[in-house]
Amino acid sequence: MSIENLKEKEFLIKINEAKTLAEIESLKSEIFGKNGLMTHEFKKLGSLPEEKRKDFAKKLNELKSNFINLIDDKIFEFENKEIENKLKQEKVDITLPIRPHQRGKIHPVSQVIDEISSIFSEIGFSVAEGPDVETEYNNFTALNTPDHHPARDMHDTFYLDKNKRLLLRTHTSPVQIRTMMSQKPPFKIIVPGRTYRCDSDQTHAPMFHQLEGLHIDKNITMGHLKGCLNHFIKEFFEIKNVKMRFRPSHFPFTEPSAEVDIGYKIENGRIVVGEGDKWLEILGCGMVHPNVLKNVKVNNKKYKGFAFGIGIDRLAMLKYGINDLRAFFETDYRWLSHFGFDPLDVPTNYRGLSK
Ligand code: DAH
């Protein structure tokens with residue numbers, strides 16, 4: 001007894017000549033379906049005399065994998081063609097002239113990131129980046145925040161797997177770890193980026209922006225931290241003097257830790273930053289904890305330094321008089337054309353940041 005030779009050839013030809021994915025799918029079920037060719041042939045096995053069974057089964061299995069390979073190749077070919085066609089159809093002609101009434105604007109958050117980067121790059125910081133999806137180790141453990149540390153609960157973390165090994169970073173601080181693990185000291189970086197926490201109201205969004213700062217070298221002190229932040233606030237708000245206070249605080253990755261408030265007042269319904277008797281918290285900072293340096297294999301006897309973390313959205317709201325954080329993320333064109341910035345007007349320190 002032999003495989004129905006004619007049919008076998010007929011199917012091989014049919015597969016080769018198939019023109020659509022649907023045709024291949026239907027051939028597949030004609031071969032492997034309940035009443036398909038292969039199913040039919042396999043059923044014959046039981047009634048064969050023993051000496052013939054082995055040979056026949058071998059042949060059948062060869063034919064089976066032959067069919068499967070051919071069908072898979074064809075499916076792959078059709079799927080690729082489909083993607084190519086889709087890409088061709090969805091092609092955008094970027095050579096079209098701009099529509100004068102719809103000029104794009106730079107989002108205030110992007111503008112503020114550019115402004116801050118410009119200020120810090122003038123005093124020797126470079127910009128580092130890291131991924132939004134982080135490991136639990138970089139986001140917490142390496143930052144001296146072990147399992148069951150209460151600070152973990154405060155972060156309302158979005159975990160991405162059952163074992164809580166991957167997450168959406170809750171702050172930009174893990175980029176401290178990435179940088180220090182992959183480079184050699186000294187370090188002098190800022191890290192703007194997206195951060196995520198499961199929280200949402202007028203002043204909290206599940207996705208928001210932070211800017212991390214890290215300066216590690218020999219002989220860095222809290223005095224350098226104060227000087228650096230004072231310089232930054234004055235440049236950012238474009239004011240000559242700023243009232244600023246350091247309030248003792250706690251972060252697992254810094255010791256000592258502080259939160260920084262700046263003075264402000266309300267004048268004619270507008271907020272004036274830098275003076276007045278009201279205080280507004282704008283950032284967290286401190287001297288990098290020796291354990292963090294140890295975790296990234298930086299000699300903590302020789303090197304020390306400071307770090308800080310700033311909420312970018314909040315600074316943007318303050319500087320540009322925006323009072324609801326949620327407006328940032330609504331992609332409302334009217335809002336953007338009012339609060340947005342001219343794309344050609346890149347912020348620089350010498351020409352003025354926001355003018
Ligand atoms: N990562 C902290 C947070 O999101 C902010 C922060 C505080 C960053 C102190 C720092 C720091 O680098 O030194 O709440």
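Remember, predicted model here, so these are calculated numbers, not experimental data.

Reading guide: rules and limits
- Residues numbered from 1 in each chain as written.
- Predicted model: local features only at pLDDT ≥ 70, side-chain atom pairs only at ≥ 80, totals over all residues.
- Heavy atoms only, no water.
- Helix = DSSP H or I, 4+ residues; strand = E, 2+ residues; numbered from the N terminus.
- Contact = heavy atoms within 4.5 Å.
- Near = heavy atom within 4 Å.
- Polar contact = N/O pair within 3.5 Å; in protein donor to acceptor, adjacent residues only side chain to side chain.
- Areas by Shrake-Rupley, 256 points an atom, 1.4 Å probe, with all protein chains shown as cover.
- Nonpolar A, V, L, I, M, F, W, Y, C, P; charged D, E, K, R; others polar.
- Domains from an automatic or database assignment.
- Phe/Tyr/Trp six-rings, centres within 6.5 Å; stacked < 30°, edge-to-face > 60°.
- Buried < 20%, exposed > 50% of the residue type's maximum accessible area, 1.4 Å probe, protein only.

1. Notes on the side chain of His209
For step 1, the next point in the chain: Structurally, His209 is set in strand E5 (residues 207-217).
For step 2, the next point in the chain: Not counting residues up to four positions away in its chain, the partners in contact with His209 are Val109, Gly193, Arg194, Thr195, Ile310, Gly311, Ile312, Asp313 and Phe329.

2. Things to note about the site of the ligand
For step 1, the next point in the chain: Within the structure, the ligand sits among 15 residues, and His171, Ser173, Arg197, Gln210 and Glu212 are positioned closest to it.
For step 2, the next point in the chain: Within the contact set of the ligand, an oxygen atom lies 2.9 Å away from a side-chain nitrogen or oxygen of Gln210.
For step 3, the next point in the chain: Backbone polar atom of Ala307 to an oxygen atom of the ligand: 3.1 Å apart, as the coordinates give it.
For step 4, the next point in the chain: Contact with the protein chains removes 92% of the 360 Å² of surface that the ligand exposes when unbound.
For step 5, the next point in the chain: Of all the secondary structure elements, the ones that give two or more residues to the shell around the ligand are E5, strand E9 (278-288) and strand E10 (304-311).
For step 6, the next point in the chain: Across the shell around the ligand, the residue classes tally to five nonpolar, eight polar and two charged.

3. Remarks on the domain arrangement of the chain
For step 1, the next point in the chain: Entries for the chain in the domain assignment read domain 1 (7-89) and domain 2 (108-351).
For step 2, the next point in the chain: Computed from C-alpha coordinates alone, the two centres of domain 1 and domain 2 are separated by 59 Å.

4. A few points about the packing of aromatic side chains
For step 1, the next point in the chain: The final tally for this structure, using the stated rule, is twelve aromatic pairs.
For step 2, the next point in the chain: Both rings, one in Phe120 and one in Phe308, keep their centres 5.5 Å apart while their planes meet at 25°; by these two values the pair is stacked. Separated by 188 residues along the polypeptide, Phe120 in helix H5 (residues 108-122) and Phe308 in strand E10 bring together distant segments of the chain.
For step 3, the next point in the chain: The buried category is assigned to Phe120, whose relative accessible area is 0%.
For step 4, the next point in the chain: Among the residues examined, Phe308 registers a relative accessible area of 1% and is labelled buried.
For step 5, the next point in the chain: Relative to Phe341, the ring of Tyr320 lies with its centre 4.9 Å away and its plane at 65°, an arrangement referred to as edge-to-face. On the criterion of sequence distance, the pair formed by Tyr320 in helix H11 (residues 312-320) and Phe341 in the segment after helix H12 (333-339) is long-range, its members being 21 residues apart.
For step 6, the next point in the chain: On the basis of relative accessibility, which here comes to 18%, the residue Tyr320 falls in the buried class.
For step 7, the next point in the chain: With a relative accessible area of 14%, Phe341 lands in the buried category.
For step 8, the next point in the chain: Here the aromatic residues Phe120, Phe125, Phe232, Phe236, Phe237, Phe306 and Phe308 are joined through ring pairs into a cluster of three or more.

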